[in-house]
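If you want the building blocks of each chain, they are given just below.
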Amino acid sequence: MEEEREPARTMKIVWHYIYRFVRSPYLSLVLRLYIGGIFIYAGMSKVHYPGEFVENLAAYQMLPYWAVNFVAVILPWIEIICGLFLIIGLKSRVSASIIGLLLIVFIIGISINLLKGTPISCGCFDSMGAQIRWNDVFRDLGWFVLTLQIFFYDRISLLQKGLLLFRKRGVGGGLNH
C-alpha cells in the first residue's frame, strides 16, 4: 500500500516545483529580456526599410490601402518601445499586453494567408525573408504564452536603486519595499 502512494507523492512534489518555476519572478525577468530583445530586433530591422515593409504589409491584404503606410511607419516603433520597456521593467504589464495583442494579430494574419495559400514573405525580421509557414504561427503562439507569464508573474524592476527589487502588486499600484 505504501509503495502505491510513492509515485503519487513524487508527482505531487514535481508538480509543486513546476508550479513554483512557472510563477517565478526570475523566470519573468529572463522572459522579459528574451521577448524584449526579439521585439527590439524585429522593430529595428523594419525601421530602416519602411518601403519594403509597406510591401510586406500590403501583401497580407488585411489593412485598408490608406492605413498600410501609417501602420508600416508606426508598428516598428511600437515594437522597439515595448521591447525596451520590457527589458528595463518600465510598465512591463502594459508592454506585455501590447506585445501579446500584436502577436495575436500576427497569428491571425499569417494563419489567414496560409489558409488562402498566399505565397508571401513573413516580414517579421527582414523585408525579404522566407515565405510564411505554419512554423511562424507556432513560434508566435509560443511567444504569446511567454508574454502571458510576464503579464501575470512579473515582479522585478531593474529601475530601482537596489537593482532587482521586487514589486508587490497592490490595489494602489505603488511600490512596496
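Check the entry above for the structure.
### As for the environment of Ala67
Looking at the element boundaries, Ala67 is found in helix 4 (residues 65–88). Linking Ala67 and Leu57, residues 10 residues apart in sequence, is a C-alpha distance of 9.9 Å.

### Some points on the state of the cysteines
Applying the stated criterion to the full structure yields one disulfide. One disulfide bridge connects Cys122 with Cys124, the sulfur atoms lying 1.7 Å from each other.

### Regarding a nonpolar patch on the surface
Taken together, Met11, Val14, Trp15, Ile18, Phe21 and Val22 make up a surface patch of nonpolar side chains, about 570 Å² in accessible area. Mapped onto the secondary structure, Ile18 falls in helix 1 (residues 2–22).

### What to know about the nonpolar core
Grouped together as the largest cluster of nonpolar side chains are 18 residues, with contacts concentrated most on Ile35, Phe39, Leu86, Ile99 and Ile150. Secondary structure elements with two or more residues in this core: helix 2 (25–47), helix 3 (50–60), helix 4, helix 5 (92–116) and helix 6 (134–153). Contact partners of Leu86, with chain neighbours within four places excluded, come to Arg32, Ile35, Gly36, Ser92, Ser95, Ala96, Ile99 and Ile150. Ile107, Ile110, Leu114 and Ile132 belong to the second largest nonpolar core, which has nine residues in total.

### Here's the deal with helix 6
In a regular helix each residue adds 1.5 Å, so 20 residues correspond to 28 Å; helix 6 covers 29 Å between its end C-alpha atoms and thus fits that length. Restricting attention to buried positions, one finds in helix 6 the residues Asp136, Val137, Asp140, Trp143, Thr147, Gln149 and Ile150.

### A word on the packing of aromatic side chains
Note on aromatic pairs: each is described by the distance of the centres and the angle between the planes. If you walk through the whole model with that rule in mind, you get four aromatic pairs. Aromatic pair Phe152 and Tyr153: ring centres 6.5 Å apart, planes at 55°, arrangement tilted. For Phe152, a relative accessible area of 52% translates into the label exposed. Among the aromatic residues, ring-to-ring pairing joins Tyr41, Phe125 and Trp143 into one connected group. Directly above the ring of Phe151 sits Arg93, whose terminal nitrogen or CZ lies 4.2 Å from the centroid.

About the thresholds
- Sequence order sets the numbering: in each chain, residues are counted from 1 along the sequence as written.
- Selection of residues for local features in this predicted model requires a pLDDT of at least 70, selection of side-chain atom pairs for listing and counting requires 80 or more, and totals for whole chains, interfaces and linings are taken over all residues.
- Side-chain descriptors were evaluated using all non-hydrogen atoms of the structure, hydrogens and water having been removed beforehand.
- Only runs of H or I of at least four residues qualify as helices and only runs of E of at least two qualify as strands under DSSP, and these elements are numbered from the N terminus.
- Counting rule for disulfides: a pair of cysteine sulfur atoms within 2.5 Å.
- Within this analysis, patches are made of residues with over 30% relative accessible area and no salt bridge. Like charges are joined at 9 Å or less; nonpolar side chains (Val, Leu, Ile, Met, Phe, Trp, Tyr) at 5 Å or less.
- Per-residue and other accessible areas follow the Shrake-Rupley method at a 1.4 Å probe size, with only the shown protein chains counted as cover for residues.
- The salt bridge criterion pairs a side-chain nitrogen of Lys or Arg with a carboxyl oxygen of Asp or Glu, the two atoms within 4 Å.
- For this analysis, a nonpolar core means a set of buried residues of the types Ala, Val, Leu, Ile, Met, Phe, Trp, Tyr and Cys, connected via side-chain atoms within 4.5 Å.
- A 1.4 Å probe rolled over the protein chains alone gives each residue an accessible area, and that area as a share of the maximum for its type sets the label: buried under 20%, exposed over 50%, partly exposed in between.
- Residues count as neighbours in contact if any of their non-hydrogen atoms are within 4.5 Å of one another.
- To estimate how far a helix should extend, the number of its residues minus one is multiplied by 1.5 Å.
- For this analysis, a ring pair means two rings from Phe, Tyr or Trp (six-membered ring only for Trp) whose centres lie within 6.5 Å, classed as stacked if their planes differ by under 30 degrees, edge-to-face if by over 60, and tilted for the remaining angles.
- Here, over-ring charges are defined by two tests on the NZ atom of lysine or the CZ atom of arginine: distance to the ring centre within 6 Å, and angle to the ring normal within 35 degrees.

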